[in-house]
Amino acid sequence: MIDDTPAMHIKGRVLLGPAAVDGARAEWRVRDELWVVGGRITFRRPAGVREMTTVSGWVLPGLVDAHCHVGLDAHGAVDRATTERQALTDRDAGALLLRDAGSPADTRWIDDRADLPHLIRAGRHIARPRRYIRNYAEEVEPAALAATVREQARRGDGWVKLVGDWIERERGDLTPCWPAPALREAIAAAHEEGARVTAHCFAEDSLRDLVEAGIDCVEHATGLTREMIPLFAERGVAIVPTLVNIATFPRLAEGGEAKFPRWADHMRRLHARRYDTVREAYDAGIEVFAGTDAGGSLGHGLIAQEVAELRAAGLPVHAALGAASWRAREWLGRPGLTEGAPADLVVYGEDPRAELPVLARPRRVVLRGRVVA
């Protein structure tokens, strides 16, 4: 089979990531050029290639949205045309690797589309009955949690997503969804299946049981306290803060205050300390990754805004960029700008290290070796 992917010469400043980091300062690994041949990256000038497209600018690996939902909207699964628009919107924003953190839709057909981003699925959310958004989750009682985790581990691509806490109507506030023994059994089952486990958590009370049960990641993590941060760091538990989603907490609190005033006050307090929570986690050595939570109530294509939010929280530029590129790709087991890697990259007209807003204005998006946007 002949590979008809056009050859490219990409020159300017190819940002391979920090070589060394000292606090907020980083020494960068930078190359002046790379080539794309047969859809893959090479740093060796190819011989015998007659026709080649030249693209110039500052180059990053394809961005990563480490928490989004493809095939989902506020009401549940969406049709294929809507799913396609979601994926294309992320692609055109430079997000070429998406970790789908729970969706009831069958999106395997995306894998056959060379023009759509790479997708890493977590199967379907797993929640307690009537303790999550309608039409989103596989809803089970604790006795069935481990078996359901195994099922979703086999449905996904190496991840499982639990709903760790949600509002309990009788108490009028966020409470943990699962007893500790059920969590230990379920997370062990996922690991036996070769899957990592993450959990939706807004509040404080569910975190210790999840971490002590062996959780690999926590989504949102707004309830991460100074007392819990050392345990996260010790156990190597990553967080994906989804700050563009947390920005909606005041509006959510206002909408639910009449019925659940205690919950509304709690949500406002979690929102108020969001930046301090993320910065303190980062300072303690906890891995922080960029995710938008797009696909529920939020639109897609927000990865540049999430990186800006991480910067606003106090992460250094290299850490905010890395949370959506080099470090996120390594965490998810996908290559960046390395010899022989698939040519998934984004070219900008300005240096994103100096002008972070340029992330929202890609000059070229290259996916699987082809310019797609």
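> I'd like a rundown of the overall build of the protein chain, residues and numbers included.
When you go through the protein chain residue by residue, the secondary structure sums to 12 helices and 20 strands. Computed over its C-alpha atoms, the radius of gyration of the protein chain comes to 21 Å, within 12% of the 21 Å expected for a compact globule of 373 residues. Projected onto the principal axes, the alpha-carbon positions of the protein chain cover approximately 70 × 45 × 35 Å. The buried share of the protein chain, taken over its 373 residues, is 55%. Entry remark: accessible area of the protein chain is about 15,700 Å², with carbon and sulfur atoms responsible for 46%.

> Could you give me a rundown of the state of the cysteines, with the residues and numbers involved?
Simply put, disulfide is the name for a covalent bond between the sulfur atoms of two cysteines. Enumeration according to the criterion identifies zero disulfides in this entry. Of all cysteine sulfurs in the structure, the one in Cys-201 sits closest to Cys-177, which takes part in no disulfide; the separation is 8.3 Å. The class for Cys-201 is buried, based on a relative accessible area of 0%.

> Go over the layout of surface pockets, please, and point to the residues and values.
Considering only enclosed or pocket space, the largest pocket measures out at about 930 Å³ in volume. Elements supplying a minimum of two residues to the lining of the largest pocket: strand S13 (165-168), helix H7 (249-256) and helix H8 (261-272). At four residues, H7 tops the list of elements feeding residues into the lining of the largest pocket. Residues of the lining of the largest pocket, tallied by class, amount to 14 nonpolar, 10 polar and eight charged. Its boundaries defined by the atoms lining it, the second largest pocket holds a volume of some 370 Å³. In terms of lining residues, the second largest pocket is bounded by 21 residues, among which Gly-17, Pro-18, Trp-326, Arg-327 and Glu-330 are the most central. At the level of secondary structure, the elements contributing two or more residues to the lining of the second largest pocket comprise strand S1 (8-22), helix H11 (317-322) and helix H12 (326-331). When its residues are assigned to classes, the lining of the second largest pocket shows 10 nonpolar, five polar and six charged.

> Help me get a handle on the nonpolar core, residues and values and all.
Of all hydrophobic cores here, the largest spans 92 residues; its most connected members are Leu-145, Leu-162, Ile-215, Leu-224, Phe-232 and Leu-310. Per element, the largest residue contribution to this core is six residues, and it comes from helix H3 (residues 180-192). Setting aside its immediate chain neighbours within four residues, Leu-224 contacts Leu-207, Ile-229, Phe-232, Ile-239, Arg-273, Thr-277, Ala-281 and Ile-286. One finds Ile-10, Leu-16, Val-36 and Val-347 within the second-largest nonpolar core, a separate group that totals 15 residues.

> Can you tell me about the sheet that holds strand S19 (residues 362-367), naming the residues and giving the values?
Taken in spatial order, the seven strands make up an open sheet running S3-S2-S1-S4-S18-S19-S20, and their pairing is mixed. Only two strands of the sheet have a single partner each, and these edge strands are strand S3 (40-42) and strand S20 (370-371). Sheet topology places strand S4 (residues 53-61) next to strand S18 (residues 345-348); four bridges connect them, and they run antiparallel. In the sheet register, Pro-61 faces S18, and the bridge partner there is Leu-345.

> Please give an account of a positive patch on the surface that cites residues and values.
Taken together, the side chains of Arg-130, Arg-134, Arg-169 and Lys-259 define a basic patch exposed on the protein surface. In this structure, Arg-169 sits in the loop between S13 and strand S14 (173-176). The exposure class assigned to Arg-169 is partly exposed, which follows from its relative accessible area of 41%.

> Describe in detail the pairing of S4, supporting the description with residues and values.
The side chains of a regular strand alternate between the sheet's two faces. Pairing analysis gives seven bridges linking S1 to S4, with the strands arranged parallel. Bridge pairing links Val-14 to Val-59 in S4.

> Got a sec to walk through the packing of helix H2 (residues 145-155) against H3? Specific residues and values, please.
The geometry of a pair of packed helices is captured by two quantities: the angle between their axes and the separation between those axes. Packing of H2 against H3 brings their axes to within 8 Å, and their N-to-C directions diverge by 25 degrees. One way to sum up the angle between H2 and H3 is to call them roughly parallel. Relative to H3, H2 is oriented so that their crossing is right-handed. Counted together, Leu-145, Ala-146, Val-149 and Arg-150 of H2 and Ala-182, Leu-183, Glu-185, Ala-186, Ala-189, Ala-190 and Glu-192 of H3 form the full contact between these two elements. A breakdown of the residues in the contact of H2 with H3 according to their chemical character gives eight nonpolar, no polar and three charged.

> Go over empty space enclosed by the protein with me, naming the residues and quoting the values.
All chains considered together, the criterion is met by two cavities of 30 Å³ or more. Size it by volume and the largest cavity reaches roughly 40 Å³. It is helix H9 (residues 274-283) that provides the largest number of residues to the lining of the largest cavity, a total of three residues. Residue classes in the lining of the largest cavity are distributed as six nonpolar, three polar and one charged. Its boundaries defined by the atoms lining it, the second largest cavity holds a volume of some 40 Å³. In terms of residue class, the lining of the second largest cavity is made up of five nonpolar, two polar and one charged.

Reading the values: the criteria
Residues numbered from 1 in each chain as written. Predicted model: local features only at pLDDT ≥ 70, side-chain atom pairs only at ≥ 80, totals over all residues. Heavy atoms only, no water. Helix = DSSP H or I, 4+ residues; strand = E, 2+ residues; numbered from the N terminus. Rg over C-alpha atoms; globule rule 2.2 N^0.38 Å. Buried < 20%, exposed > 50% of the residue type's maximum accessible area, 1.4 Å probe, protein only. Areas by Shrake-Rupley, 256 points an atom, 1.4 Å probe, with all protein chains shown as cover. Disulfide = S-S within 2.5 Å. 1 Å grid on protein atoms, 1.4 Å probe; cavity = no way out; pocket = protein on both sides within 12 Å on 5 of 7 lines; lining within 4 Å. Points joined across faces, edges and corners; volume = space filled by probe spheres on them. Nonpolar A, V, L, I, M, F, W, Y, C, P; charged D, E, K, R; others polar. Core = buried A, V, L, I, M, F, W, Y, C linked by side-chain atoms within 4.5 Å. Contact = heavy atoms within 4.5 Å. Pairing = 2+ DSSP bridges. Patch = residues over 30% accessible without salt bridge, like charges linked within 9 Å, V, L, I, M, F, W, Y side chains within 5 Å. Salt bridge = Lys/Arg side-chain N within 4 Å of Asp/Glu carboxyl O. Lys, Arg positive; Asp, Glu negative; His and termini not counted. Charge placed at Lys NZ, Arg CZ, Asp CG, Glu CD. Axes fitted to C-alpha atoms, helices over the stretch in contact; angles between N-to-C directions. Parallel < 35°, antiparallel > 145°, perpendicular 65-115°, else oblique. Left-handed = near helix turned anticlockwise from the far one by under 90°.

By themselves, these figures tell us nothing about what the structure is for.
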